[in-house]
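# Report on the structure
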Amino acid sequence: MNIRSQIAMVFHLDKCIGCHTCSIACKNIWTDRKGAEYMWWNNVETKPGTGYPRKWEEQEIYRGGWEKGGDHARLRGAGKVKGLGVIFHNTNMPVIDNYYEPWTYQYNKLFDSPEGDDQPTAEPVSQITGERITPVAGPNWDDDLGGSPLYARKDSGLAGLSEAEQEALFRLDRMVMFYLPRICNHCLNPACIAACPSGALYKRGEDGIVLLNQKRCRAWRLCITACPYKKVYYNWKTGKSEKCILCYPRVETGQFPACMHTCVGRIRYLGVMLYDADQIEKVATSPDSDLVRNQLGIYLDPNDPEVIIKARIAGIPDSTMEAARNSPVRKFIIDWGLALPIHPEFRTIPNLFYVPPLLPSPAAVTDGKYDNTGSTLWDPVESSRLPMQYLAGIFTAGDVDLIRETLAKLMAVRIYRRSVNVGDISKSEAEEALNRARYTSETADAVFRLTSLAGFRERFVIPPTHREEAIEAYEETRIRKENAGFGFIEKPERGL
Ligand code: SF4
Ligand code: SF4
């Protein structure tokens, strides 16, 4: 057993209101500068829809992540040999048009224009060329139109649905959408690190945050191809790649990442997970059907006496163990089985988990009128407007039963709390729902509390930083990369 600690996250999708405050908080702190205008380390996209960059989920286009080859996992489009083959001409990399050409407005014209017959206008200009442009795309261009046929039909996740299911999805009375906020997943098996020939990317030993050393980056950009979530970006001004740093300077001083601190919907949770690094290969090479269950199995119980002893031997501080025991994300992921990893079939073992959206069951349109008489908020989850297959394609590598099980738990909590708070559902019906979800009323109350009432200190549990470990961890990563990579690595510098 090779115990390590990892900062993991849960985003509760039923709570996201799509306000983009998270994205703006991140941009104001980290990417509000030349060359980074188009970058949104935190972005919020609308599903069904094609996302940012466009169609990032389609690995037939971008060749990101790992693929299972026998009992091994290999990088799909950026390994040693494949990487060398595309190093000077990489057709699997998104170009600026796949993101969008960033623009601003000529605000000065509003103030400086001479007096005339017309109102002055602030025309859009490219932030790259300075020329006038007509914007045709943005980081969430399909915002709120994601559920409309215009954009949603292009979502590759619909491919698994029957023609009839697709048609039903686009009927006006069934139209449906949800927001999907995304940041780097700070994966346990990061394709970005494995692909970098320069050893510029590394995973911090003390908390698993994945960082990119700007001094070592040589702009090969294989990390951009390799990351299947497209969460590494190229700064055209500095000639270096950049990515989400999980606000480590804030985390190290006991503050929460800016996107989480500012989240209006309070959808975000942050905490420590312990895991067994010896099992990474097993998880990454699992058949699709076992991917999620095996990933959940990699995380260790911080109350287990054997884990406590081995964690101490591995040098994990007691304060980190304490944080792992109080971890809100552990509750959602392991104790309650409510949060699932995004696209586990990319095999990077992501550490950002999502509570899937439990949308209300649909009403119908009868004789041109909205009619909800035949449906209630408490219908079985199967009658949700979003087909199970679609959600399974995003969160469980196609395992529909697991999605159904997860949504049934969310529904059980909803029914139980309705029975407690409003009383129009009988106690026995509520108990039946809880039994079906294998929940007790105490569990349902705990889920309700953390979902609805918890303050900062319950939603974010960050252990004190131990920087002395970071130096050792960096050195270890460097040696591992030197043994496995292209050998382009410079001498390490102390303190990085
Ligand atoms: S999400 Fe992408 S950039 Fe982030 S750690 Fe995983 S592979 Fe690397
Ligand atoms: S700030 Fe929170 S609620 Fe608003 S879009 Fe971001 S994740 Fe959603």
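In the block above lies the structure referred to throughout.
Presented here is a report on the structure given in the accompanying data block. (Residues numbered from 1 in each chain as written. Chains lettered and ligands numbered in written order. Predicted model: local features only at pLDDT ≥ 70, side-chain atom pairs only at ≥ 80, totals over all residues. Heavy atoms only, no water.)

## Notes on the site of ligand 1
Just so we agree on the cut-off: Being near a molecule or strand, for a residue, comes down to having at least one heavy atom within 4 Å of it. Residue polarity follows a fixed list, in which Ala, Val, Leu, Ile, Met, Phe, Trp, Tyr, Cys and Pro are nonpolar, Asp, Glu, Lys and Arg are charged, and the others, Gly among them, are polar.
In the vicinity of ligand 1, the contacting residues are C184, N185, H186, C187, P190, A191, C192, V210, C227, Y229, V232 and K243. Residue composition of the shell around ligand 1, grouped by class: 9 nonpolar, 2 polar and 1 charged.

## Quick look at the site of ligand 2
The immediate surroundings of ligand 2 are formed by 14 residues, with C16, C19, H20, C22 and C263 found nearest. Taken together, the residues that form the shell around ligand 2 break down as 9 nonpolar, 4 polar and 1 charged.

## As for helix α20 (residues 441–453)
Counting along an α-helix, one turn takes 3.6 residues, and residues three or four places apart therefore face a common direction. Filter applied, for reference: A run of H or I in DSSP becomes a helix once it reaches four residues, and a run of E becomes a strand once it reaches two; helices and strands are each numbered from the N terminus. Given a helix with a known number of residues, its expected span is that number minus one, times 1.5 Å. Burial here depends on accessible area, computed with a 1.4 Å probe over protein chains only, as a share of the maximum for the residue type. Under 20% is buried, over 50% is exposed, and the range in between is partly exposed. Think of the arc as the fan of directions from the helix axis to the C-beta atoms. Between two residues, a contact is recorded if the distance between any of their heavy atoms is within 4.5 Å.
The terminal C-alpha atoms of α20 lie 17 Å apart, and with 13 residues this matches the ideal 18 Å at 1.5 Å per residue to within 8%. Buried within α20 we find T443, A444, V447, L450 and T451. When α20 is viewed along its axis, its buried side chains cluster within an angular range of 135 degrees and face the same direction. Summarising the contacts, the buried residues of α20 are in contact with β1 (3–12), β12 (268–276), α16 (328–335), α18 (400–421), α19 (427–436) and α21 (456–459).

## Comments concerning the side chain of K203
Going by this rule: Counting rule applied: Lys, Arg positive; Asp, Glu negative; His and chain ends not counted. Salt bridge, as applied in this entry: a Lys or Arg side-chain nitrogen positioned within 4 Å of an Asp or Glu carboxyl oxygen. We call two N or O atoms a polar contact when they sit within 3.5 Å, provided that within protein one can donate a hydrogen and the other can accept it, with sequence-adjacent residues counted only if both atoms are side-chain atoms.
Note on placement: K203 falls in strand β8 (residues 201–203). Summary of buried charges: K203 has no salt-bridge partner, and the nearest side chain of opposite charge, D207, is 7.6 Å away. Here C187 takes part through its backbone oxygen, which lies 2.8 Å from a polar atom of the side chain of K203.

## A word on the pattern of salt bridges
All told, the structure shown has 23 salt bridges when counted by the stated rule. With a closest N to O distance of 2.7 Å, R204 and D207 form a salt bridge. D207 shares its class with R204; the two are buried. Note that D399 is salt-bridged to R293, the shortest N-O span being 3.4 Å. Here D399, found in the loop between α17 (388–395) and α18, pairs with R293, found in helix α13 (residues 291–298); they are 106 residues apart in sequence, far enough to count as distant.

## Quick word on helix α15 (residues 318–325)
Looking only at α15, the buried set comprises T320, M321, A323 and A324. Burial along α15 is one-sided: seen end-on, the buried residues are contained in an arc of 160 degrees. Those residues of α15 that are buried are in contact with β1, β12, α14 (305–313) and α16.

## Digging into the nonpolar core
Rules: We define the nonpolar core as a collection of buried residues of types Ala, Val, Leu, Ile, Met, Phe, Trp, Tyr and Cys that are connected through side-chain atoms lying within 4.5 Å of one another. Residue ranges for the domains trace back to a domain assignment, done automatically or taken from a database.
With 120 residues, the main nonpolar core has V10, M260, F332 and F395 as its most contacted residues. For this core, the leading source of residues is α18, giving 10 residues. Counting only domains with at least three residues in this core, you end up with domain 1 (8–102 + 120–256) and domain 2 (266–459). Once residues within four sequence positions are removed from consideration, V10 is found in contact with I267, R268, Y269, V329, F332, I333, A339, F353 and V355.

## A closer look at the packing of α17 against α18
Helix packing for two helices is described by the angle between their axes and how far apart those axes are. The test is simple: To get an axis, a line is fitted to the C-alpha atoms, and for a helix only the part in contact is used. The angle between two axes follows their N-to-C directions and goes from 0 to 180 degrees. Working rule for angles: under 35 degrees goes down as roughly parallel, over 145 as roughly antiparallel, 65 to 115 as roughly perpendicular, anything else as oblique.
Taken N-terminus to C-terminus, the directions of α17 and α18 make an angle of 100 degrees; their axes are 8 Å apart at the nearest point. Considered as vectors, α17 and α18 are oriented roughly perpendicular to each other. Side by side, α17 and α18 meet where M388, Q389, L391, A392 and F395 of the first sit next to V400, I403, R404 and L407 of the second. Classifying every residue of the contact of α17 with α18 gives 7 nonpolar, 1 polar and 1 charged.

## Points about the sheet that holds strand β14 (residues 340–341)
Filter applied, for reference: Strand pairing is assigned whenever DSSP identifies at least 2 bridges connecting the two strands.
With respect to topology, 5 strands assemble into an open sheet ordered β13-β12-β1-β15-β14, the strand pairing being mixed. The open sheet has two edge strands, β13 (299–300) and β14, and neither has a second partner. Pairing of β12 with β13 involves 2 bridges; the strand directions are antiparallel. Residue L274 lies in a different strand from β13, and its bridge partner there is L300. On top of the sheet, α16 reaches β1, β12, β13 and β15 (352–355); it is set at about 70 degrees to β12, its chief contact.

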